Amino acid sequence: MLALKKPDLLRQQAYLNGRWCDADSAETIVVTNPATGEMLGAVPRMGAAETRRAIEGAQAAWGAWRAMTAKERAAILRRWFDLMTAHAQDLALIMTAEQGKPLSESRGEIAYGAAFLEWFAEEGKRAYGDVIPTFARDRRIVVTKEPIGVCAAITPWNFPSSMITRKAGAALAAGCPLVVKPAEQTPFSALALAVLAEEAGVPAGVFSVLTGDAPAIGGEMTSNDLVRKVSFTGSTEVGRLLMRQCAPSIKKLSLELGGNAPFIVFDDADLDAAVEGAIASKYRNAGQTCVCTNRFYVQDAVYDAFSRKLVEAVGKLRVGNGVEDGVTQGPLIDEAAVAKVREHIADAVAQGGRILAGGQPHALGHTFFEPTVLADALPTMKLAREETFGPLAPLFRFSDDAEVIRMANDTEYGLAAYFYSRDIGRVWRVAEALEYGMVGINTGLISNEAVPFGGVKQSGLGREGSHYGLDDYLVVKYLCMSGL
Ligand code: ADP
């Protein structure tokens, strides 16, 4: 099967409270390679009972984990980072096999994902509190930050490794245990992380990975009183459901949900740079990231030139199995993903959209799709309102700044936005006017462990990465010291 240097990274059991186990029912879920349709293996189909045990194990492990110094926890996280780095090639092979992204992107994700462990190992040492000037002579006010408690995470298939370490790094550094449920399409990357966590010395119960039935596992995670925080990355629809399920026990929530990223090309932009940014932000992971551009807005004077250059650049993309050299776009995750792209294209063409490149399922079959560019996009098209999550670049036309800001903000989402301009006044005005959590200015790539990733509006709550990311796993405690 996969030619791994360390074959035991590929596990077909879940990792609960320091033990590798099957489901109580012995049922499994099959995992396939989207590039070939081949079965890669199977993982346990766990449910509420196993989830409860994992949560109870996490609660039992919490006391000793929080009692460690930040430096002691950092040493373990650092070892985990080192192991991820040492086994990066194997981890990337596993990821490409179950997710489909090109091997170069998988390697990039492993480096990005590992970086969260390194970052939070350091940042955990700086969870400073405060001493506030007193309001009474016989009192002193001290503010400390404490780990919130047992945390649960539900993660998506598009970044099978880094969406876990981004949460685990912060949670563990803050002194919290974490129970993770990865997406059913990509459990092997998550389980490989558990193998390395165990080797790094993460104590039993501090990091568990459960695979199985999403509603059953999610239901237990959101209703169990021992869980103090739920962190979710995925669709807005499921985020809304989890938020509702968390309401009775008032859990803290971090939600990183859908986006509908605009990418604005102003008439003073460096067009070649804009095309390079457009390719990176649109076609990375075959358009299947929540920060991928969904809508391109191009100013009148440069519309034709930008379209031409973009089509030329798209012509250089190579679609294929991600393990092959030179492939820049893998398959989509499943048939439903292909159906959505086709629906958006058909709807746009029916309303006058013109296909400039691609537009069809790829000749390779399976879930491969041609990188597509569509001109004359209109606000009434589905692709303007819904996240396509595929390799479709619709080009809208605009004439002035106020108009494009209005169109860019006309969505319930607010995750990432991008724009290209060389005019410093315009850069500030537009950056401030965009209702988004993250704005890429003259760049199509913005993710890094040192920055606060997250959205506004229905794109979510909380921030991941950076020092803000640690705060999401800490609670503030105020000590009022009286009788002095
Ligand atoms: P996508 O459409 O990209 O697959 P989802 O939001 O459906 O996004 O999936 C993201 C994660 O949420 C996955 O781990 C999935 O298993 C999980 N999930 C889906 N439905 C539920 C649910 N009802 N309860 C808990 N988790 C869920």
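Quick caveat, the model's predicted, so the values are computed rather than measured. (Residues numbered from 1 in each chain as written. Predicted model: local features only at pLDDT ≥ 70, side-chain atom pairs only at ≥ 80, totals over all residues.)

Participant: What am I meant to see in the overall build of the protein here?
Facilitator: What the protein contains, in helices and strands, is 15 helices and 20 strands. Computed over its C-alpha atoms, the radius of gyration of the protein comes to 23 Å, within 12% of the 23 Å expected for a compact globule of 484 residues. Judged by the C-alpha coordinates and their principal axes, the protein covers about 70 × 65 × 40 Å. Looking at the protein as a whole, 53% of its 484 residues are labelled buried. Long-range contacts, defined here as pairs at least 24 residues apart, represent 72% of the contacts in the protein between residues at least 6 apart. (Helix = DSSP H or I, 4+ residues; strand = E, 2+ residues; numbered from the N terminus. Rg over C-alpha atoms; globule rule 2.2 N^0.38 Å. Buried ≥ 20, exposed ≤ 12 C-beta atoms within 10 Å, placed from the backbone. Contact = placed C-beta atoms within 7 Å.)

Participant: How should I be thinking about the UniProt feature "active site" (unreviewed entry) in the protein in this particular structure?
Facilitator: Cross-referencing UniProt, the feature "active site" (unreviewed entry) maps to Glu-256 in the present numbering. When you line up the elements, Glu-256 lands in strand 11 (residues 252–256). Each residue touching Glu-256, except ones within four places of it in the same chain, is listed here: Thr-233, Gly-454, Gly-460 and Glu-464. (UniProt positions renumbered as here; feature names shortened; annotations may be inferred.)

Participant: What should I look at first to understand the site of the ligand in this one?
Facilitator: Surveying the vicinity of the ligand reveals 13 residues, the closest of which are Ala-214, Gly-218, Gly-234, Ser-235 and Val-238. Taken together, the elements giving at least two residues each to the shell around the ligand come down to helix 7 (214–223) and helix 8 (236–246). In terms of residue count, the dominant contributor to the shell around the ligand is helix 7 (3 residues). Residue classes in the shell around the ligand are distributed as 7 nonpolar, 4 polar and 2 charged. (Near = placed C-beta within 6 Å. Nonpolar A, V, L, I, M, F, W, Y, C, P; charged D, E, K, R; others polar.)

Participant: What exactly am I supposed to notice about the sheet that holds strand 17 (residues 416–420) here?
Facilitator: Strand pairing in a sheet relies on backbone hydrogen bonds, with the paired strands running either antiparallel or parallel. What the 7 strands build is an open sheet, ordered 14-15-16-13-12-17-18; its pairing is mixed. The sheet is open, and its two borders are formed by strand 14 (354–357) and strand 18 (438–441), each paired with just one other strand. Pairwise comparison of adjacent strand axes, ignoring direction, gives a mean angle of 25 degrees for this sheet. Alignment of strand 12 (residues 261–265) against strand 17, held across 3 bridges, turns out to be parallel. Paired with Val-265 across the strands is Tyr-420, a residue of strand 17. Packed onto the sheet, helix 10 (residues 300–314) meets strand 12, strand 13 (293–299), strand 14, strand 15 (372–375) and strand 16 (392–398) and runs at close to 135 degrees relative to strand 13. Set on the sheet, helix 13 (residues 401–409) makes contact with strand 12, strand 13, strand 16 and strand 17; between it and strand 16 the angle comes to about 145 degrees. (Pairing = 2+ DSSP bridges. Axes fitted to C-alpha atoms, helices over the stretch in contact; angles between N-to-C directions.)

Participant: It is not clear to me how the sheet that holds strand 6 (residues 140–147) should be interpreted in this structure. Could you clarify?
Facilitator: Taken in spatial order, the 3 strands make up an open sheet running 5-6-20, and their pairing is antiparallel. At either margin of the open sheet sits one strand with a lone partner, and together these are strand 5 (130–132) and strand 20 (474–481). Taking the axes of each pair of neighbouring strands and ignoring which way they run, one obtains an average angle of 25 degrees across the sheet. The pairing of strand 5 with strand 6 spans 3 bridges and is classified as antiparallel. Bridge pairing in strand 6 places Val-131 opposite Val-142.

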